[in-house]
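# Tertiary structure, described
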Amino acid sequence: MFIEFISRDEQSQNSSEIINTEHQPCSSKKKNFKVNKKGEPNVVLIRDYCPLTKFGIFGLKHSHNLPRLCTKSNNRRRYLYLHLTHFHRIKSSIANKLVKAIRDGYDPMETIIFPQDNTQVTDENLPCPFDSSATKFNQKNSIPNTPCTSSLNYHYFKNHLRTVHSITKLNANLILKAMRKVGTISHVQFEEDLCEID
Ligand SMILES: [Zn+2]
Ligand SMILES: [Zn+2]
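Read on for an overview of the structure.

## Some details on the environment of T163
Within the secondary structure layout, T163 lies in helix α4 (residues 154–165). Of the residues examined, T163 has 11 C-beta atoms within 10 Å and is grouped as exposed. Residues T163 and P144, 19 residues apart in the sequence, show an inter-C-alpha distance of 9.9 Å.

Structure, rendered in structure tokens:
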């Protein structure tokens, strides 16, 4: 039996109503999360293994056309929300629910989060890599107008990097390539200063 995922924020107090009793959340694992005002861990700061290693997980189907899945062998603990939105290009609303379900210990094979109709689950846009997680680049290189929360169609992506963040042409090409391929710029070897500032 599948259960439909309702995040803890959306639930009324009686959360046991939506939990399949055979699959109790394994929230006994203590994790050191930073918490928000409600005492819950901030979704963006939650680190865990990526669940998206096979179809069937949280209702994931072939027809969702995810650009890629993770493999069990490469899997490691990472900032899940960023990984899901950058690497798997999952829409932020769905990524948010996925992270909360993992945080709350929902069984991935018994819980449906991916919409089962034809709703698009991926974001066609690329997130600007100089978001609040890119402190390494933003601080070290003093990139203008960061952190940046833009999400961009890839046709405008390089233009955005060049005009908003003063990234050099060569590096804008490297960044686009990395974002399309792996969803992060953390391993890119930049060959010159990132920005050209007059
Ligand atoms: Zn993954
Ligand atoms: Zn930007």
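Don't stop here, the text continues.
## Some remarks on helix α5 (residues 169–181)
With 13 residues, α5 ought to run about 18 Å at 1.5 Å a step, and its terminal C-alpha atoms sit 18 Å apart, in line with that. If you check which residues of α5 are buried, you get N171, I175 and M179. Down the axis of α5, the smallest arc covering the buried residues is 70°, so these residues share one side. α5 presents K169, L170, K177 and K181 as exposed residues on the side facing more than 90 degrees away from its buried surface. Where α5 is buried, its residues contact β5 (126–127) and α4. G183 lies just past α5 and shows a positive phi near 75°.

Cut-offs used in this document
Residues numbered from 1 in each chain as written. Chains lettered and ligands numbered in written order. Predicted model: local features only at pLDDT ≥ 70, side-chain atom pairs only at ≥ 80, totals over all residues. Helix = DSSP H or I, 4+ residues; strand = E, 2+ residues; numbered from the N terminus. Buried ≥ 20, exposed ≤ 12 C-beta atoms within 10 Å, placed from the backbone. Expected span 1.5 Å × (residues − 1). Arc of directions from axis to C-beta. Contact = placed C-beta atoms within 7 Å.

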